[in-house]
Amino acid sequence: MPGFEIFGEEEKKEILEVLDTGVLFRYEFPEQRKGVYKVRTFEEKFAAYCGVKCGQAVTSGTAALKVAMAALGIGPGDEVITQGFTFVATWEAILEIGAIPVFAEVDETLNLDPADLEKKITAETKLIIPVHMMGAPARIEEIKAIGDKHGIPVLEDTAQAAGASLNGRRLGSFGACGTFSFDPVKTMTTGEGGMIVTNDEKLMRDMSEYHDHGHDHAVNPGGRGGEGRSFIGSNYRMMELQGAIGLAQLAKLDGIVASQQQNKKAMKALVARIPGVTFRTILDEKGDNASFLAFFLPDKDKAQKVKTALAAGGAGAICFAENTWHYYPKWEHLLAGATLAKSGWPFVEPGGKKRVVYDAQALPKSAAIMDRLLVYPVPIKLSQERLGQIAAAVEKAVAALS
Ligand SMILES: *Cc1c(COP(=O)(O)O)cnc(C)c1O
């Protein structure tokens with residue numbers, strides 16, 4: 001599953017090239033850096049890999065969401081629709097930018113349900129964020145068409161789906177932009193880091209300036225200190241060491257996906273022995289980055305029995321319905337509106353009126369799906385020993401159901 005499994009000599013070599021120059025900053029120092037621009041090169045190569053024109057590297061996947069939303073003009077008063085099965089970062093970023101997250105259902109793709117999305121659109125909806133969870137595509141073509149029909153841009157949260165595609169086109173390249181994360185547990189990692197990809201050059205320029213304190217990046221004989229500003233920015237710059245690691249990991253990405261696809265196939269063949277088991281809807285098997293094997297039991301009771309048996313057998317599966325980081329009813333701090341701000345922001349607006357009230361029962365369709373779901377992470381390196389463990393655990397599950 002994560003790129004750290006194969007961290008090695010290639011990453012070291014890239015890092016040493018940076019250390020040899022002593023320049024850790026992505027800009028400036030033209031003489032000292034001897035032509036080494038790791039972050040810039042990583043942006044160019046990652047964008048090319050995704051089949052788009054531009055890439056903007058940032059400090060994290062969360063920062064990628066924030067920088068992209070800022071450049072798309074999202075702010076207070078705006079509603080942003082996303083799904084109730086995602087990592088907390090998606091709605092953290094929406095709230096931090098001052099907008100309001102509106103949660104929609106997922107379907108058996110485990111991604112945004114287009115029918116429910118359309119029901120949740122209001123006059124205030126300014127952005128749609130489908131999340132390609134666990135390396136496999138949302139119904140992005142349908143979602144994009146709905147966005148187009150209503151004149152609402154689509155930002156793809158592609159944090160978990162580097163290397164994945166739908167019908168030959170990379171995830172992240174369908175909407176106005178796509179955001180990626182390279183945190184330690186993602187398909188490829190730079191320790192911390194993120195990227196936004198887009199074909200929109202104006203959006204790219206705004207993201208580039210926003211993420212760098214508003215620097216206008218115009219050619220300026222006075223250097224960075226002489227650059228002007230068109231708007232307020234902030235700092236989400238990636239450093240050269242991360243860019244270097246990113247280049248080494250990107251070169252391994254297709255190999256990572258190929259290994260995971262093979263390992264997923266072997267694991268799926270074992271899990272398929274469980275009576276009544278069905279698998280997550282994958283819109284394009286070839287485009288799956290295969291980081292996870294997600295399967296359903298016929299009902300919650302059977303899912304619980306299988307979960308218990310697999311754990312007892314030494315190969316426990318993740319039950320996302322109980323996971324507190326990825327599933328709406330488990331976000332107690334969101335539901336309670338817990339914040340450090342004494343004013344209550346972002347859950348309470350100046351003056352004391354509540355901006356948002358979330359109800360744990362608001363997504364019944366997602367709940368019915370999540371209650372039946374179990375998930376195995378798929379490693380890049382799958383030993384025969386581990387496969388044997390899974391096989392033995394599956395036999396326990398088969399026995400538990402009979
Ligand atoms: C990991 C993740 C993020 C955030 O990325 P970080 O680099 O950890 O900030 C955003 N969205 C999803 C769906 C993620 O899985």
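In every chain, residue numbers begin from 1 and rise along the written sequence. Reporting of local features is limited, given that this is a predicted model, to residues whose pLDDT is at least 70; pairs of side-chain atoms are given and counted only at 80 or more, and all residues count toward the totals for whole chains, interfaces and linings. Note that the side-chain values use all heavy atoms of the structure and ignore hydrogens as well as water.

1. Let's talk about the pattern of salt bridges
Pairing between side chains becomes possible if they bear opposite charge and their charged atoms approach one another.
For step 1, the next point in the chain: Whenever a carboxyl oxygen of Asp or Glu lies within 4 Å of a side-chain nitrogen of Lys or Arg, that contact is scored as a salt bridge. Tallied over the entire structure, the rule returns 27 salt bridges.
For step 2, the next point in the chain: Of the charged contacts, one joins Glu 11 and Lys 252 as a salt bridge, the two residues approaching to 2.8 Å between their closest N and O atoms. One end of the pair, Glu 11, is in helix α1 (residues 9–21); the other, Lys 252, is in helix α8 (residues 240–271), and 241 residues separate them in sequence.
For step 3, the next point in the chain: Between Lys 305 and Asp 301 there is a salt bridge, and its shortest N-O distance comes to 3.5 Å. Pair noted here: Lys 305 and Asp 301 are both in helix α9 (residues 300–312), with a separation of 4 residues, about one helical turn. In this description a helix means any DSSP run of H or I spanning at least four residues, a strand means any run of E spanning at least two, and both kinds are numbered starting from the N terminus.

2. Digging into a nonpolar patch on the surface
For step 1, the next point in the chain: Without a salt bridge and with relative accessible area above 30%, a residue can belong to a patch; like charges are then joined within 9 Å and nonpolar side chains (Val, Leu, Ile, Met, Phe, Trp, Tyr) within 5 Å. To be clear on the numbers: accessible area is Shrake-Rupley with a 1.4 Å probe, and residue cover counts the displayed protein chains and nothing else. Together, Leu 16, Leu 19, Leu 24 and Met 239 give the surface a local cluster of nonpolar side chains, amounting to about 350 Å² of exposed area.
For step 2, the next point in the chain: Its place among the elements puts Leu 16 in helix α1.

3. Quick word on the site of the ligand
For step 1, the next point in the chain: Near the ligand there are 15 residues, and of these Gly 61, Thr 62, Ser 181, Asp 183 and Lys 186 occur at the shortest range.
For step 2, the next point in the chain: Between the ligand and the protein, one listed contact pairs an oxygen atom with a side-chain N or O atom of Ser 181 at 2.7 Å.
For step 3, the next point in the chain: Within the side chain of Asp 183, one N or O atom sits 2.6 Å away from an oxygen atom of the ligand.
For step 4, the next point in the chain: When isolated, the ligand has an accessible area of 380 Å², and the protein chains bury 94% of it.
For step 5, the next point in the chain: Of all the elements in the fold, those that place two or more residues in the shell around the ligand are α3 (61–71) and α4 (89–96). Think of it this way: one heavy atom of a residue within 4 Å of a molecule or strand is enough to make that residue near it. Here a polar contact is taken to be a pair of N or O atoms separated by no more than 3.5 Å, where protein atoms must pair a possible hydrogen donor with a possible acceptor and residues adjacent in sequence count only if both atoms sit in side chains.

4. With respect to α9
For step 1, the next point in the chain: Here the expected span of a helix is defined as 1.5 Å times the quantity of residues minus one. In a regular helix each residue adds 1.5 Å, so 13 residues correspond to 18 Å; α9 covers 18 Å between its end C-alpha atoms and thus fits that length.
For step 2, the next point in the chain: Within the sequence span of α9, burial applies to Ala 303, Val 306, Lys 307, Ala 309 and Leu 310.
For step 3, the next point in the chain: Contacts from the buried residues of α9 go to β11 (292–296), β12 (373–377) and α12 (384–401).
For step 4, the next point in the chain: Positive backbone phi, at 90 degrees, marks Gly 314, one or two positions downstream of α9. With a 1.4 Å probe rolled over the protein chains alone, any residue whose accessible area is under 20% of its type maximum counts as buried; one over 50% counts as exposed, and the rest are partly exposed. In this description, contact between two residues means that some pair of their heavy atoms is separated by no more than 4.5 Å.

5. Brief notes about the UniProt feature "modified residue: N6-(pyridoxal phosphate)lysine" (unreviewed entry) in the protein
For step 1, the next point in the chain: Using the residue numbers shown here, the UniProt feature "modified residue: N6-(pyridoxal phosphate)lysine" (unreviewed entry) corresponds to Lys 186.
For step 2, the next point in the chain: Within polar-contact distance, the side chain of Lys 186 engages the side chain of Asp 183 at 3.1 Å. UniProt positions are given in the numbering used here, feature names are shortened, and annotations may be inferred rather than shown by experiment.

6. Focus on the domain arrangement of the protein
For step 1, the next point in the chain: By the assigned domains, the protein splits into domain 1 (3–252) and domain 2 (253–326 + 364–401).
For step 2, the next point in the chain: Per the annotation, domain bounds derive from an automatic or database assignment of domains. The C-alpha centroid of domain 2 is placed 29 Å from the C-alpha centroid of domain 1.
For step 3, the next point in the chain: Between domain 1 and domain 2, the contact holds 40 residues from the first and 32 residues from the second.
For step 4, the next point in the chain: Here domain 1 packs against domain 2, burying approximately 3000 Å² in sum over the two surfaces, 57% of which is carbon and sulfur.
For step 5, the next point in the chain: When the buried surface of domain 1 facing domain 2 is broken down by residue, Glu 5, Glu 108 and Met 134 rank first, second and third, together holding 23% of it.
For step 6, the next point in the chain: Our count for the domain 1 to domain 2 interface comes out at 3 salt bridges.
For step 7, the next point in the chain: Note that Arg 170 and Asp 254 form a salt bridge whose closest N and O atoms lie 4.0 Å from each other.
For step 8, the next point in the chain: Scanning the region where domain 1 abuts domain 2 turns up 26 residue pairs in polar contact (both at pLDDT 80 or more). Put simply, buried area is the surface a 1.4 Å probe can reach on two separate parts but cannot reach once they are joined, added for both.

7. Side note on the side chain of Thr 82
For step 1, the next point in the chain: With respect to the helices and strands, the residue Thr 82 is situated in strand β2 (residues 79–83).
For step 2, the next point in the chain: Within the local environment of Thr 82, its side chain forms a polar contact with the backbone oxygen of Ile 129, the two atoms lying 2.8 Å apart.
For step 3, the next point in the chain: Once residues within four sequence positions are removed from consideration, Thr 82 is found in contact with Thr 90, Ile 94, Val 102, Phe 103, Ala 104, Leu 112, Ile 129 and Val 131.

8. Section: the sheet that holds strand β10 (residues 278–279)
For step 1, the next point in the chain: DSSP bridges decide pairing: two strands pair if at least two such bridges lie between them. An order of β10-β11-β12 is seen for the 3 strands of this open sheet, with the pairing classed as antiparallel. In this open sheet, the two edge strands, each paired with only one partner strand, are β10 and β12.
For step 2, the next point in the chain: Pairing between β11 and β12: 5 bridges, direction antiparallel. For Phe 295, the partnering residue across the bridge sits in β12 and is Leu 374.
For step 3, the next point in the chain: For every element, the axis is a line fit to its C-alpha atoms; helices are fit only across the contacting stretch, and the angle between N-to-C directions ranges from 0 to 180 degrees. Of the strands in this sheet, β10, β11 and β12 touch α8, which is tilted by about 20 degrees from β11.

9. Side note on the nonpolar core
For step 1, the next point in the chain: As used here, the term nonpolar core means buried Ala, Val, Leu, Ile, Met, Phe, Trp, Tyr and Cys residues forming a set that is joined through side-chain atoms within 4.5 Å. Ranked by internal contacts, the top residues of the largest apolar core, which has 41 residues, are Leu 110, Met 134, Ile 274, Phe 295, Leu 310 and Tyr 376.
For step 2, the next point in the chain: Mapped by element, the contributors of at least two residues to this core are α8, β11, α9, α11 (364–370), β12 and α12.
For step 3, the next point in the chain: Among the elements that take part in this core, α12 stands out by supplying 6 residues, more than any other.
For step 4, the next point in the chain: For this core, the domains that each give at least three residues are domain 1 (3–252) and domain 2 (253–326 + 364–401).
For step 5, the next point in the chain: Beyond its immediate stretch of four places on either side in the chain, Tyr 376 contacts Met 267, Val 271, Ser 291, Phe 292, Leu 293, Phe 295, Leu 310, Ala 315, Gly 316, Ala 317, Arg 386 and Ile 390.
For step 6, the next point in the chain: Counting 25 residues, the second-largest nonpolar core is a separate cluster that includes Ala 64, Val 80, Ile 97 and Leu 203.

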